[in-house]
Amino acid sequence: MKKLSLILVLFVLCTAFTTLNYYPIDGYTHTGIKRLKRLELIKSGELVDAAKLPAGAMKSYMDINLNLTSKKADSIGSFLVVDEAFQKEISSLFKGLDKSYSIAVLDISDPDSLRYAKRNETSGYQPGSVGKLAVLIGLFTQLAKIYPDDFEKRLDLLRSKSVRAGVWGLTDEHTIPIYNIETKKLVKRQVVASDVFTLFEWADHMLSVSNNGAASIVWREVLLMQIFGDKYPALTQDEADAYFKTANRRELTDIGNDVVNLPLRELGITKDEWRLGSFFTRGANTYVGDKDGSIGSPLGLMKFLIKLEQGNIVDEASSLEMKRLMYMTDRRIRYAQSPALKDAAVYFKSGSLYKCDRSKGEACGKYMGNVTNFMNSVVIVEHPDNCKYMVALMTNVLRKNSGTDHMMLASSIDKVITK
(Lines give C-alpha, C1' and ligand atoms only; values in the text may rest on other atoms or scores of the structure.)
Protein backbone atom coordinates (compact mmCIF):
# COMPACT_ATOMS: atom_id res chain seq x y z
CA MET A 1 0.00 0.00 0.00
CA LYS A 2 2.89 2.40 0.81
CA LYS A 3 4.14 2.11 -2.74
CA LEU A 4 1.00 3.89 -3.89
CA SER A 5 1.85 7.23 -2.28
CA LEU A 6 1.94 8.92 -5.68
CA ILE A 7 -1.65 7.88 -6.29
CA LEU A 8 -2.58 9.34 -2.92
CA VAL A 9 -1.10 12.68 -3.92
CA LEU A 10 -3.10 12.66 -7.12
CA PHE A 11 -6.21 11.82 -5.17
CA VAL A 12 -5.77 14.77 -2.80
CA LEU A 13 -5.37 17.10 -5.75
CA CYS A 14 -8.65 15.90 -7.23
CA THR A 15 -12.15 16.48 -5.93
CA ALA A 16 -12.88 13.42 -3.89
CA PHE A 17 -16.65 13.29 -4.02
CA THR A 18 -17.62 15.06 -7.19
CA THR A 19 -20.64 14.40 -9.34
CA LEU A 20 -20.59 11.25 -11.43
CA ASN A 21 -22.87 10.23 -14.27
CA TYR A 22 -23.90 6.95 -15.80
CA TYR A 23 -25.51 5.50 -18.94
CA PRO A 24 -23.82 5.55 -22.37
CA ILE A 25 -23.56 9.03 -23.85
CA ASP A 26 -25.49 8.11 -26.99
CA GLY A 27 -28.46 6.78 -25.00
CA TYR A 28 -30.71 9.87 -25.13
CA THR A 29 -32.95 8.58 -27.93
CA HIS A 30 -33.28 5.23 -26.18
CA THR A 31 -34.06 6.63 -22.73
CA GLY A 32 -35.14 10.26 -22.97
CA ILE A 33 -32.68 11.11 -20.17
CA LYS A 34 -31.97 14.75 -21.02
CA ARG A 35 -28.51 15.05 -19.48
CA LEU A 36 -27.30 12.49 -22.03
CA LYS A 37 -28.15 14.91 -24.84
CA ARG A 38 -25.77 17.41 -23.27
CA LEU A 39 -23.02 14.79 -23.13
CA GLU A 40 -23.62 14.01 -26.80
CA LEU A 41 -23.11 17.69 -27.63
CA ILE A 42 -19.92 17.85 -25.56
CA LYS A 43 -18.58 14.72 -27.25
CA SER A 44 -19.34 16.15 -30.71
CA GLY A 45 -17.74 19.49 -29.86
CA GLU A 46 -20.95 21.53 -30.06
CA LEU A 47 -20.69 22.31 -26.35
CA VAL A 48 -17.50 23.04 -24.45
CA ASP A 49 -17.05 21.60 -20.97
CA ALA A 50 -13.96 21.84 -18.78
CA ALA A 51 -14.34 18.31 -17.48
CA LYS A 52 -12.71 15.93 -19.95
CA LEU A 53 -14.31 12.52 -20.04
CA PRO A 54 -11.96 9.56 -19.48
CA ALA A 55 -11.45 7.26 -22.45
CA GLY A 56 -13.32 4.46 -20.71
CA ALA A 57 -16.47 6.60 -20.52
CA MET A 58 -16.89 6.83 -24.30
CA LYS A 59 -18.36 3.39 -24.92
CA SER A 60 -21.48 3.32 -27.12
CA TYR A 61 -24.90 2.17 -26.00
CA MET A 62 -24.73 -0.75 -28.45
CA ASP A 63 -21.21 -1.75 -27.36
CA ILE A 64 -22.26 -2.76 -23.85
CA ASN A 65 -22.75 -6.49 -23.46
CA LEU A 66 -23.18 -9.10 -20.75
CA ASN A 67 -20.06 -11.18 -20.14
CA LEU A 68 -21.36 -14.44 -18.69
CA THR A 69 -24.37 -15.37 -20.83
CA SER A 70 -22.49 -18.46 -22.01
CA LYS A 71 -22.73 -19.62 -18.41
CA LYS A 72 -26.35 -18.59 -17.95
CA ALA A 73 -27.35 -21.99 -16.57
CA ASP A 74 -24.42 -22.33 -14.17
CA SER A 75 -25.06 -22.17 -10.44
CA ILE A 76 -23.74 -19.30 -8.33
CA GLY A 77 -21.57 -21.76 -6.41
CA SER A 78 -19.62 -22.69 -9.52
CA PHE A 79 -18.37 -19.10 -9.80
CA LEU A 80 -17.29 -18.85 -6.17
CA VAL A 81 -14.56 -21.50 -6.13
CA VAL A 82 -11.34 -19.97 -4.83
CA ASP A 83 -8.31 -20.00 -7.13
CA GLU A 84 -5.46 -20.55 -4.68
CA ALA A 85 -2.78 -18.64 -6.61
CA PHE A 86 -5.13 -15.71 -7.19
CA GLN A 87 -6.22 -15.82 -3.56
CA LYS A 88 -2.63 -15.55 -2.39
CA GLU A 89 -2.05 -12.45 -4.50
CA ILE A 90 -5.23 -10.71 -3.38
CA SER A 91 -4.61 -11.60 0.26
CA SER A 92 -1.15 -10.04 0.07
CA LEU A 93 -2.78 -6.65 -0.59
CA PHE A 94 -4.39 -6.69 2.85
CA LYS A 95 -1.38 -7.63 4.99
CA GLY A 96 -1.44 -5.69 8.25
CA LEU A 97 -5.06 -4.63 7.80
CA ASP A 98 -7.81 -5.72 10.19
CA LYS A 99 -11.23 -7.21 9.47
CA SER A 100 -12.64 -3.77 8.69
CA TYR A 101 -11.78 -4.58 5.07
CA SER A 102 -13.92 -7.17 3.24
CA ILE A 103 -13.83 -8.07 -0.45
CA ALA A 104 -14.88 -10.50 -3.16
CA VAL A 105 -13.07 -10.43 -6.53
CA LEU A 106 -13.91 -12.43 -9.66
CA ASP A 107 -11.77 -12.35 -12.80
CA ILE A 108 -14.08 -13.11 -15.75
CA SER A 109 -11.63 -12.35 -18.57
CA ASP A 110 -11.95 -15.97 -19.68
CA PRO A 111 -15.40 -17.34 -18.74
CA ASP A 112 -14.01 -20.86 -19.03
CA SER A 113 -11.17 -20.15 -16.62
CA LEU A 114 -12.56 -17.98 -13.83
CA ARG A 115 -10.48 -16.79 -10.89
CA TYR A 116 -12.12 -15.97 -7.55
CA ALA A 117 -10.67 -14.59 -4.31
CA LYS A 118 -12.25 -13.35 -1.10
CA ARG A 119 -11.61 -11.84 2.33
CA ASN A 120 -14.21 -11.68 5.12
CA GLU A 121 -16.75 -11.92 2.31
CA THR A 122 -19.69 -12.84 4.57
CA SER A 123 -19.22 -9.90 6.96
CA GLY A 124 -22.21 -7.59 7.10
CA TYR A 125 -21.99 -3.82 6.55
CA GLN A 126 -24.50 -0.97 6.27
CA PRO A 127 -24.70 -0.82 2.45
CA GLY A 128 -25.59 2.87 2.17
CA SER A 129 -26.31 3.92 -1.40
CA VAL A 130 -25.27 0.53 -2.78
CA GLY A 131 -28.75 -0.49 -1.60
CA LYS A 132 -30.17 1.54 -4.49
CA LEU A 133 -29.25 -1.35 -6.74
CA ALA A 134 -31.91 -3.40 -4.92
CA VAL A 135 -34.45 -0.71 -5.85
CA LEU A 136 -33.30 -1.00 -9.47
CA ILE A 137 -33.84 -4.77 -9.39
CA GLY A 138 -37.29 -4.20 -7.89
CA LEU A 139 -38.15 -1.77 -10.69
CA PHE A 140 -37.30 -4.18 -13.50
CA THR A 141 -39.01 -7.03 -11.67
CA GLN A 142 -42.28 -5.08 -11.54
CA LEU A 143 -41.99 -3.91 -15.16
CA ALA A 144 -41.79 -7.56 -16.21
CA LYS A 145 -44.94 -8.33 -14.25
CA ILE A 146 -46.84 -5.55 -16.01
CA TYR A 147 -45.56 -6.44 -19.48
CA PRO A 148 -44.35 -10.06 -19.24
CA ASP A 149 -43.99 -10.58 -22.98
CA ASP A 150 -42.97 -7.16 -24.28
CA PHE A 151 -39.68 -5.57 -23.21
CA GLU A 152 -40.22 -2.60 -25.53
CA LYS A 153 -43.39 -1.70 -23.65
CA ARG A 154 -41.40 -1.78 -20.43
CA LEU A 155 -38.91 0.69 -21.92
CA ASP A 156 -41.72 2.85 -23.23
CA LEU A 157 -43.25 3.04 -19.75
CA LEU A 158 -39.87 4.13 -18.34
CA ARG A 159 -39.62 6.82 -21.03
CA SER A 160 -43.20 8.08 -20.98
CA LYS A 161 -44.43 7.77 -17.39
CA SER A 162 -43.77 11.02 -15.54
CA VAL A 163 -44.24 11.30 -11.77
CA ARG A 164 -43.97 14.11 -9.25
CA ALA A 165 -41.51 14.04 -6.36
CA GLY A 166 -43.78 15.13 -3.52
CA VAL A 167 -42.44 14.79 0.03
CA TRP A 168 -40.82 11.47 -0.93
CA GLY A 169 -38.00 13.34 -2.69
CA LEU A 170 -37.17 15.73 0.14
CA THR A 171 -34.38 15.99 2.73
CA ASP A 172 -31.42 14.99 0.56
CA GLU A 173 -28.35 17.19 0.11
CA HIS A 174 -27.32 15.55 -3.18
CA THR A 175 -28.14 17.65 -6.24
CA ILE A 176 -29.52 16.44 -9.55
CA PRO A 177 -28.54 17.62 -13.06
CA ILE A 178 -31.40 19.36 -14.88
CA TYR A 179 -30.65 20.06 -18.53
CA ASN A 180 -32.79 22.26 -20.77
CA ILE A 181 -32.41 20.93 -24.31
CA GLU A 182 -33.75 24.14 -25.93
CA THR A 183 -31.55 26.62 -24.04
CA LYS A 184 -28.66 24.14 -23.58
CA LYS A 185 -28.37 25.20 -19.95
CA LEU A 186 -27.51 22.84 -17.10
CA VAL A 187 -28.63 23.48 -13.53
CA LYS A 188 -27.67 21.38 -10.53
CA ARG A 189 -29.88 21.65 -7.46
CA GLN A 190 -31.64 19.60 -4.81
CA VAL A 191 -34.94 17.89 -5.54
CA VAL A 192 -38.05 19.94 -4.71
CA ALA A 193 -41.54 18.55 -4.16
CA SER A 194 -42.84 19.93 -7.47
CA ASP A 195 -40.19 18.23 -9.62
CA VAL A 196 -41.56 15.98 -12.34
CA PHE A 197 -39.38 13.50 -14.26
CA THR A 198 -39.91 10.28 -16.16
CA LEU A 199 -39.23 6.95 -14.47
CA PHE A 200 -36.06 6.62 -16.56
CA GLU A 201 -34.81 10.01 -15.37
CA TRP A 202 -35.64 9.34 -11.73
CA ALA A 203 -33.78 6.01 -11.99
CA ASP A 204 -30.84 7.85 -13.55
CA HIS A 205 -30.86 10.45 -10.77
CA MET A 206 -30.93 7.58 -8.25
CA LEU A 207 -27.76 6.05 -9.70
CA SER A 208 -25.85 8.75 -11.54
CA VAL A 209 -25.67 11.23 -8.67
CA SER A 210 -26.88 8.82 -5.99
CA ASN A 211 -29.78 11.11 -5.10
CA ASN A 212 -31.63 9.74 -2.09
CA GLY A 213 -34.87 11.49 -2.99
CA ALA A 214 -34.85 9.91 -6.44
CA ALA A 215 -34.26 6.49 -4.86
CA SER A 216 -37.29 6.91 -2.59
CA ILE A 217 -39.40 8.05 -5.55
CA VAL A 218 -38.40 5.06 -7.69
CA TRP A 219 -39.06 2.76 -4.73
CA ARG A 220 -42.47 4.40 -4.29
CA GLU A 221 -43.31 3.70 -7.92
CA VAL A 222 -42.17 0.08 -7.55
CA LEU A 223 -44.54 -0.21 -4.58
CA LEU A 224 -47.38 1.26 -6.66
CA MET A 225 -46.64 -1.17 -9.50
CA GLN A 226 -47.01 -4.06 -7.09
CA ILE A 227 -50.31 -2.72 -5.73
CA PHE A 228 -51.97 -1.61 -8.99
CA GLY A 229 -50.44 -4.18 -11.37
CA ASP A 230 -51.44 -3.71 -15.00
CA LYS A 231 -53.48 -0.63 -14.01
CA TYR A 232 -50.32 1.21 -13.01
CA PRO A 233 -49.46 2.65 -16.47
CA ALA A 234 -52.76 4.60 -16.46
CA LEU A 235 -52.52 5.58 -12.78
CA THR A 236 -52.62 9.39 -12.45
CA GLN A 237 -50.59 11.42 -9.99
CA ASP A 238 -53.76 12.54 -8.19
CA GLU A 239 -54.92 8.92 -7.84
CA ALA A 240 -51.54 7.86 -6.47
CA ASP A 241 -51.47 10.74 -3.99
CA ALA A 242 -55.00 9.97 -2.84
CA TYR A 243 -54.13 6.32 -2.33
CA PHE A 244 -51.25 7.10 0.01
CA LYS A 245 -53.41 9.42 2.10
CA THR A 246 -55.73 6.56 3.07
CA ALA A 247 -53.50 3.48 2.87
CA ASN A 248 -52.55 1.51 5.98
CA ARG A 249 -48.98 2.42 6.95
CA ARG A 250 -48.12 -1.03 8.30
CA GLU A 251 -49.35 -2.74 5.14
CA LEU A 252 -47.41 -0.27 2.97
CA THR A 253 -44.28 -0.98 5.01
CA ASP A 254 -44.63 -4.72 4.45
CA ILE A 255 -45.28 -4.36 0.72
CA GLY A 256 -42.51 -1.81 0.32
CA ASN A 257 -40.07 -4.15 2.03
CA ASP A 258 -41.11 -7.13 -0.08
CA VAL A 259 -40.79 -5.44 -3.47
CA VAL A 260 -37.07 -4.76 -3.02
CA ASN A 261 -36.10 -7.81 -0.95
CA LEU A 262 -38.00 -10.75 -2.43
CA PRO A 263 -36.28 -10.33 -5.83
CA LEU A 264 -32.94 -10.66 -4.01
CA ARG A 265 -34.07 -13.92 -2.42
CA GLU A 266 -35.10 -15.21 -5.85
CA LEU A 267 -31.53 -14.57 -6.99
CA GLY A 268 -30.19 -16.77 -4.22
CA ILE A 269 -29.04 -13.84 -2.07
CA THR A 270 -29.94 -14.50 1.56
CA LYS A 271 -31.39 -12.01 4.04
CA ASP A 272 -28.07 -11.82 5.89
CA GLU A 273 -26.11 -11.32 2.66
CA TRP A 274 -28.10 -8.31 1.45
CA ARG A 275 -31.33 -6.67 2.49
CA LEU A 276 -32.84 -3.20 2.37
CA GLY A 277 -34.89 -2.08 5.36
CA SER A 278 -35.64 1.63 5.00
CA PHE A 279 -36.39 4.25 2.38
CA PHE A 280 -33.69 6.81 1.66
CA THR A 281 -35.50 9.98 2.79
CA ARG A 282 -37.39 11.13 5.85
CA GLY A 283 -40.15 12.36 3.56
CA ALA A 284 -40.94 8.77 2.60
CA ASN A 285 -41.37 7.85 6.26
CA THR A 286 -44.58 9.89 6.24
CA TYR A 287 -46.18 6.87 4.57
CA VAL A 288 -43.93 3.86 5.14
CA GLY A 289 -41.85 2.66 8.06
CA ASP A 290 -38.56 0.83 8.47
CA LYS A 291 -38.34 -2.95 8.72
CA ASP A 292 -35.53 -5.39 9.54
CA GLY A 293 -32.69 -2.92 8.95
CA SER A 294 -30.29 -2.79 5.99
CA ILE A 295 -27.19 -4.93 5.53
CA GLY A 296 -24.86 -5.93 2.75
CA SER A 297 -21.88 -8.22 2.31
CA PRO A 298 -19.30 -8.64 -0.44
CA LEU A 299 -20.67 -12.14 -1.04
CA GLY A 300 -24.23 -10.92 -1.52
CA LEU A 301 -23.14 -8.13 -3.85
CA MET A 302 -20.90 -10.46 -5.84
CA LYS A 303 -23.86 -12.79 -6.34
CA PHE A 304 -25.74 -9.81 -7.77
CA LEU A 305 -22.92 -9.00 -10.19
CA ILE A 306 -22.72 -12.61 -11.36
CA LYS A 307 -26.47 -12.84 -11.93
CA LEU A 308 -26.36 -9.53 -13.80
CA GLU A 309 -23.59 -10.70 -16.15
CA GLN A 310 -25.36 -14.03 -16.69
CA GLY A 311 -28.47 -12.15 -17.78
CA ASN A 312 -30.42 -13.79 -14.97
CA ILE A 313 -31.86 -10.73 -13.24
CA VAL A 314 -35.43 -10.88 -14.57
CA ASP A 315 -34.18 -11.65 -18.12
CA GLU A 316 -31.26 -10.81 -20.40
CA ALA A 317 -32.79 -7.59 -21.71
CA SER A 318 -33.47 -6.31 -18.18
CA SER A 319 -30.01 -7.30 -16.97
CA LEU A 320 -28.40 -5.46 -19.88
CA GLU A 321 -30.46 -2.33 -19.27
CA MET A 322 -29.49 -2.35 -15.59
CA LYS A 323 -25.84 -2.67 -16.56
CA ARG A 324 -26.17 0.33 -18.88
CA LEU A 325 -27.61 2.34 -16.00
CA MET A 326 -24.49 1.46 -13.98
CA TYR A 327 -22.09 2.60 -16.71
CA MET A 328 -20.04 5.65 -15.73
CA THR A 329 -19.86 8.47 -18.27
CA ASP A 330 -18.36 11.32 -16.28
CA ARG A 331 -16.08 12.07 -13.34
CA ARG A 332 -15.14 9.07 -11.23
CA ILE A 333 -14.94 8.78 -7.46
CA ARG A 334 -13.52 6.46 -4.80
CA TYR A 335 -12.65 3.03 -6.25
CA ALA A 336 -13.47 4.14 -9.79
CA GLN A 337 -11.13 7.15 -9.58
CA SER A 338 -8.03 4.95 -9.80
CA PRO A 339 -5.79 6.15 -12.68
CA ALA A 340 -5.37 2.49 -13.61
CA LEU A 341 -9.00 2.44 -14.76
CA LYS A 342 -9.05 5.56 -16.94
CA ASP A 343 -9.14 3.60 -20.20
CA ALA A 344 -11.51 0.95 -18.86
CA ALA A 345 -15.27 0.87 -19.04
CA VAL A 346 -16.48 1.02 -15.44
CA TYR A 347 -19.91 -0.03 -14.16
CA PHE A 348 -20.13 1.22 -10.63
CA LYS A 349 -22.10 2.02 -7.51
CA SER A 350 -20.63 3.46 -4.37
CA GLY A 351 -22.20 3.87 -0.95
CA SER A 352 -21.23 5.37 2.39
CA LEU A 353 -22.65 6.05 5.82
CA TYR A 354 -20.79 7.52 8.75
CA LYS A 355 -21.59 8.48 12.35
CA CYS A 356 -19.69 10.79 14.68
CA ASP A 357 -19.48 11.03 18.46
CA ARG A 358 -17.80 14.37 19.10
CA SER A 359 -17.85 13.84 22.86
CA LYS A 360 -14.83 11.55 22.44
CA GLY A 361 -12.65 14.49 21.50
CA GLU A 362 -11.49 12.71 18.35
CA ALA A 363 -11.19 14.04 14.84
CA CYS A 364 -14.44 13.25 13.06
CA GLY A 365 -16.13 14.58 9.96
CA LYS A 366 -17.68 13.83 6.60
CA TYR A 367 -16.74 10.29 5.51
CA MET A 368 -14.50 10.10 8.61
CA GLY A 369 -16.85 8.75 11.30
CA ASN A 370 -15.48 7.61 14.64
CA VAL A 371 -18.49 5.43 15.54
CA THR A 372 -19.14 3.91 12.13
CA ASN A 373 -17.57 4.80 8.81
CA PHE A 374 -18.96 2.50 6.13
CA MET A 375 -17.78 2.83 2.55
CA ASN A 376 -18.67 0.36 -0.18
CA SER A 377 -17.77 -0.06 -3.85
CA VAL A 378 -19.41 -2.40 -6.35
CA VAL A 379 -17.71 -2.40 -9.73
CA ILE A 380 -17.37 -4.18 -13.05
CA VAL A 381 -14.18 -3.28 -14.95
CA GLU A 382 -13.70 -3.92 -18.67
CA HIS A 383 -10.33 -3.03 -20.15
CA PRO A 384 -9.93 -2.58 -23.93
CA ASP A 385 -7.70 -5.69 -24.07
CA ASN A 386 -10.60 -7.91 -22.90
CA CYS A 387 -9.41 -8.07 -19.29
CA LYS A 388 -12.64 -8.08 -17.28
CA TYR A 389 -13.33 -8.49 -13.59
CA MET A 390 -15.79 -7.68 -10.81
CA VAL A 391 -15.19 -6.42 -7.28
CA ALA A 392 -17.34 -5.93 -4.19
CA LEU A 393 -15.35 -4.02 -1.56
CA MET A 394 -16.82 -3.01 1.81
CA THR A 395 -15.00 -1.25 4.63
CA ASN A 396 -15.65 0.24 8.06
CA VAL A 397 -12.39 2.01 8.86
CA LEU A 398 -12.87 4.62 11.57
CA ARG A 399 -11.54 8.18 11.58
CA LYS A 400 -10.21 8.23 8.01
CA ASN A 401 -11.61 8.90 4.57
CA SER A 402 -11.63 5.41 3.06
CA GLY A 403 -12.18 6.77 -0.43
CA THR A 404 -8.40 6.94 -0.63
CA ASP A 405 -8.04 3.30 0.41
CA HIS A 406 -10.60 2.21 -2.14
CA MET A 407 -8.80 4.02 -4.94
CA MET A 408 -5.41 2.64 -3.91
CA LEU A 409 -6.80 -0.88 -3.61
CA ALA A 410 -8.37 -0.50 -7.05
CA SER A 411 -4.94 0.17 -8.54
CA SER A 412 -3.39 -2.76 -6.67
CA ILE A 413 -6.14 -5.19 -7.64
CA ASP A 414 -5.98 -4.05 -11.25
CA LYS A 415 -2.23 -4.63 -11.30
CA VAL A 416 -2.65 -8.18 -9.95
CA ILE A 417 -5.28 -9.06 -12.53
CA THR A 418 -3.88 -7.34 -15.61
CA LYS A 419 -0.34 -8.65 -15.23
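Quick look at the pattern of salt bridges now. Here the structure, examined in full by the defined rule, presents 24 salt bridges. As a salt-bridge pair, Lys71 and Asp112 come within 4.0 Å of each other at their nearest N and O atoms. Here Asp112 lies in the loop between strand E1 (101-107) and strand E2 (115-119) and Lys71 lies in the loop between helix H3 (34-44) and helix H4 (76-79), a separation of 41 residues in the sequence. Of the charged contacts, one joins Asp315 and Arg154 as a salt bridge, the two residues approaching to 2.9 Å between their closest N and O atoms. On the criterion of sequence distance, the pair formed by Asp315 in the loop between helix H12 (298-310) and helix H13 (316-325) and Arg154 in helix H7 (residues 151-160) is long-range, its members being 161 residues apart. Judged by its relative accessible area of 4%, Arg154 falls in the buried class. Here the salt bridges do not stand alone but share partners, grouping Lys59, Glu309, Lys323 and Glu382 into one network.

A pair of packed helices is captured by two measures, namely the crossing angle of their axes and the spacing between those axes. Between H7 and H13, the least distance of the axes is 10 Å, while the angle of their chain directions is 35°. Seen along the crossing, H7 lies across H13 with a hand that is right-handed. On H13, the residues touching Phe151, Arg154 and Leu155 of H7 are Ala317, Ser318 and Glu321. By residue class, the composition of the contact of H7 with H13 is three nonpolar, one polar and two charged.

For the rest of this paragraph, the subject is empty space enclosed by the protein. Taken as a whole and judged by the stated rule, the model has one cavity of 30 Å³ or more. A volume near 40 Å³ is recorded for the largest cavity. Lining the largest cavity, in full, are Trp219, Leu252, Thr253, Gly256, Asn257, Gly277, Ser278, Phe279, Val288 and Gly289. With four residues, the top contributor of residues to the lining of the largest cavity is helix H11 (residues 249-266). Per-class residue counts for the lining of the largest cavity are four nonpolar, six polar and no charged.

Our focus in this paragraph is helix H14 (residues 403-418). For H14, which comprises 16 residues, the first-to-last C-alpha distance of 22 Å matches the rise-based estimate of 22 Å (1.5 Å per residue) to within 8%. The element H14 is extensively covered by neighbouring structure, given that 14 of its 16 residues are classed as buried.

A separate point is the pairing of E1. Across the seven residues that make up E1, a large majority, seven, are buried. Along E1, one buried face is formed by Tyr101, Ile103, Val105 and Asp107 and the opposite face, lined by Ser102, Ala104 and Leu106, is buried too. As defined by bridge partners, E1 adjoins strand E11 (residues 388-396) across seven bridges and the pair is classed as antiparallel. Residue pairing for E11: Asp107 is matched across the bridge by Tyr389. The pairing of E1 with E2 spans five bridges and is classified as antiparallel.

Reading guide: rules and limits
Residues numbered from 1 in each chain as written. Predicted model: local features only at pLDDT ≥ 70, side-chain atom pairs only at ≥ 80, totals over all residues. Heavy atoms only, no water. Salt bridge = Lys/Arg side-chain N within 4 Å of Asp/Glu carboxyl O. Helix = DSSP H or I, 4+ residues; strand = E, 2+ residues; numbered from the N terminus. Buried < 20%, exposed > 50% of the residue type's maximum accessible area, 1.4 Å probe, protein only. Axes fitted to C-alpha atoms, helices over the stretch in contact; angles between N-to-C directions. Left-handed = near helix turned anticlockwise from the far one by under 90°. Contact = heavy atoms within 4.5 Å. Nonpolar A, V, L, I, M, F, W, Y, C, P; charged D, E, K, R; others polar. 1 Å grid on protein atoms, 1.4 Å probe; cavity = no way out; pocket = protein on both sides within 12 Å on 5 of 7 lines; lining within 4 Å. Points joined across faces, edges and corners; volume = space filled by probe spheres on them. Expected span 1.5 Å × (residues − 1). Pairing = 2+ DSSP bridges.

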